[in-house]
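The lines below spell out each chain.
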Amino acid sequence: MRIPLIKPYITEEVKEKVSEVLDSGYLTEGAATKELENSFKDYIGCEYTLAACNCTVGLEMALRTIGVGPGDEVIVPDYTYPATASVVEIVGARIVLVDVDPQTMLIDYEVLESAITEKTKAVMPVSIFGNPLDYERLTRIKEKYNIFIVEDAACSIGAEFKGIKVGNLADISVFSLHPRKFITTGEGGMITTNNAEWAAWMDSYKHFGMASRDSRAGIQFNQIGTNYKLSNIQAAVGLVQMKYVEELLSQRQLLANNYMQLLDNHPRIKFQKLSTFGVHSYQSFCIFVKNRDKIMIDMREKGIEVQIGTYSLHMHKAYNKNTNCTITGKMEGSKYAFEHCLALPLYHDLSTDEQEYIVEKLTEIISQED
Ligand SMILES: Cc1ncc(COP(=O)(O)O)c(C=O)c1O
């Protein structure tokens, strides 16, 4: 038996929709992209959505639109995918890395607050693996220090805090539509905000700086921009998946709960702690284990694809040898998460038999440890 980590939701309906777009001859950003944006807007309940060619450039645009640039500092959790921090340097600002809570793997709010200086323009918390943040606490910090919150919501489609969906809780949130996410366009990103001015600025920026795209009125370029559009072909894939977003999400939550029941009370396994008042999207189902690397190799040898959670950025040269990056404290929470976190297979048609097999092999391997 071979069990992958993820499986994108690609059905006949998806293929038909892609064929329809191909037959239309309209392949760049178009009606399917607009429909995808609208489906996100309806689902999340926010005012504006902008599709982009990936989450990373979406985060970059978000920082640019709130005016982050040289001389500014942006606070980023150390335990995240490099994209979150690299965009800070790309827009010319200083990266300030802070630790995470080792149980939730979310930014440590106290350390975050202590890292704020006069130069801090924004914080980029990450709702890691779909675990929502404490947005009330973040909002209090935002208001106290007059800074912006740009959420890296790469993994968080469907996550909630006190009944409000992620994407409607920060100044700007950015989702990823990479194939490891359960709604995917191959490569893709979705930006959400309730600020009309920012939405208009980003819309112009991702269209080469166009002020108006109404050809009758004459196209005007009012600012320098770039091309961060999402094609109609890619959007068609995500558009069909969005029809089933509720089902796909509840299926993930069921599977995650089943893992927790099967592994409950295991003396050598801990779960990621759900943040208070949150609904987890379980983009990844993560456990903490000792000897994670060895367990990962053994599981893969048995045909079960497991994966590390994500990276501890301060351990990498791009950050620890970077004079434009401040590393705050010892990063013990981040290091713990990096060394112990293991993501188990989770996808729409993972069966309970397969889950039982995964758990059987995992517990067998763990019992052979020391
Ligand atoms: C937390 C986080 N941020 C950003 C990204 C980058 O997303 P993308 O590949 O869509 O640019 C990822 C990718 O997995 C991620 O996990």
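Scroll up to find the structure.
Residues numbered from 1 in each chain as written. Predicted model: local features only at pLDDT ≥ 70, side-chain atom pairs only at ≥ 80, totals over all residues. Heavy atoms only, no water.

*Asks:* Before we move on, can you summarise helix α9 (residues 245-263) with the specific residues and values?
*Replies:* Over its 19 residues, α9 runs 27 Å from end to end, which matches the ideal 27 Å to within 8%, given 1.5 Å per residue. Taken together, the buried positions of α9 are occupied by Val-245, Leu-248, Leu-249, Arg-252, Gln-253, Leu-255, Ala-256, Asn-258, Tyr-259 and Leu-263. (Helix = DSSP H or I, 4+ residues; strand = E, 2+ residues; numbered from the N terminus. Expected span 1.5 Å × (residues − 1). Buried < 20%, exposed > 50% of the residue type's maximum accessible area, 1.4 Å probe, protein only.)

*Asks:* I'd like to hear about the site of the ligand, residue by residue, with values.
*Replies:* What surrounds the ligand is a group of 14 residues, the closest being Cys-55, Thr-56, Asp-152, Ser-176 and Lys-181. Cys-55 places a main-chain nitrogen or oxygen 3.0 Å from an oxygen atom of the ligand. One nitrogen or oxygen atom from the side chain of Lys-181 is found 2.9 Å from an oxygen atom belonging to the ligand. Look at the ligand: alone it shows 390 Å² of surface, and the protein chains cover 89% of it. Under a 2 Å grid-point criterion requiring more than half of the atoms, the pocket assigned to the ligand is the largest pocket. Going through the elements one at a time, α3 (55-65) and α4 (83-90) are the ones with two or more residues in the shell around the ligand. Taken together, the residues of the shell around the ligand break down into six nonpolar, six polar and two charged. (Near = heavy atom within 4 Å. Polar contact = N/O pair within 3.5 Å; in protein donor to acceptor, adjacent residues only side chain to side chain. Areas by Shrake-Rupley, 256 points an atom, 1.4 Å probe, with all protein chains shown as cover. 1 Å grid on protein atoms, 1.4 Å probe; cavity = no way out; pocket = protein on both sides within 12 Å on 5 of 7 lines; lining within 4 Å. Sits in = over half its atoms within 2 Å of the grid points. Nonpolar A, V, L, I, M, F, W, Y, C, P; charged D, E, K, R; others polar.)

*Asks:* Which residues make up the sheet that holds strand β15 (residues 307-308), and what values go with them?
*Replies:* Pairing is antiparallel across the open sheet formed by four strands, whose spatial order is β12-β14-β17-β15. Edge positions in the sheet fall to β12 (270-271) and β15, since each of these pairs with one other strand and no more. Of the pairings in the sheet, the one linking β12 to strand β14 (residues 285-288) comprises two bridges and is antiparallel in character. Across the sheet, Phe-271 pairs through a bridge with Ile-287, a residue of β14. (Pairing = 2+ DSSP bridges.)

*Asks:* Residues and numbers for the side chain of Lys-229, please.
*Replies:* Along the polypeptide, Lys-229 turns up in the loop between β11 (220-221) and α8 (232-243). The side chain of Lys-229 sits in the buried core without any salt bridge; Glu-29 is the nearest counter-charge, 6.3 Å away. (Lys, Arg positive; Asp, Glu negative; His and termini not counted. Salt bridge = Lys/Arg side-chain N within 4 Å of Asp/Glu carboxyl O.)

*Asks:* Mind laying out empty space enclosed by the protein, listing which residues take part and the relevant values?
*Replies:* Inspection of the entire model under this criterion finds three cavities of 30 Å³ or more. When its volume is computed, the largest cavity comes out at roughly 110 Å³. For the largest cavity, the lining is made up of 14 residues, of which Lys-7, Phe-182, Arg-252, Tyr-347 and His-348 are closest to its centre. Of the residues contributing to the lining of the largest cavity, the split by class is eight nonpolar, two polar and four charged. (Points joined across faces, edges and corners; volume = space filled by probe spheres on them.)

*Asks:* Describe the pattern of salt bridges, listing the residues and the values that go with them.
*Replies:* In total, this model carries 17 salt bridges according to the counting rule given. A salt bridge links Lys-144 to Glu-113, with the nearest nitrogen and oxygen atoms 2.9 Å apart. Here Lys-144 is found in helix α6 (residues 135-145), whereas its partner Glu-113 is found in helix α5 (residues 109-114), with 31 residues between them in sequence. The exposure class assigned to Lys-144 is exposed, which follows from its relative accessible area of 57%. Measuring nitrogen to oxygen at the nearest pair gives 2.8 Å for the salt bridge that ties Asp-293 to Arg-292. When its relative accessible area of 43% is taken as the criterion, Asp-293 is described as partly exposed. The network of salt bridges with shared partners includes Glu-29, Lys-34, Glu-37 and Lys-206.

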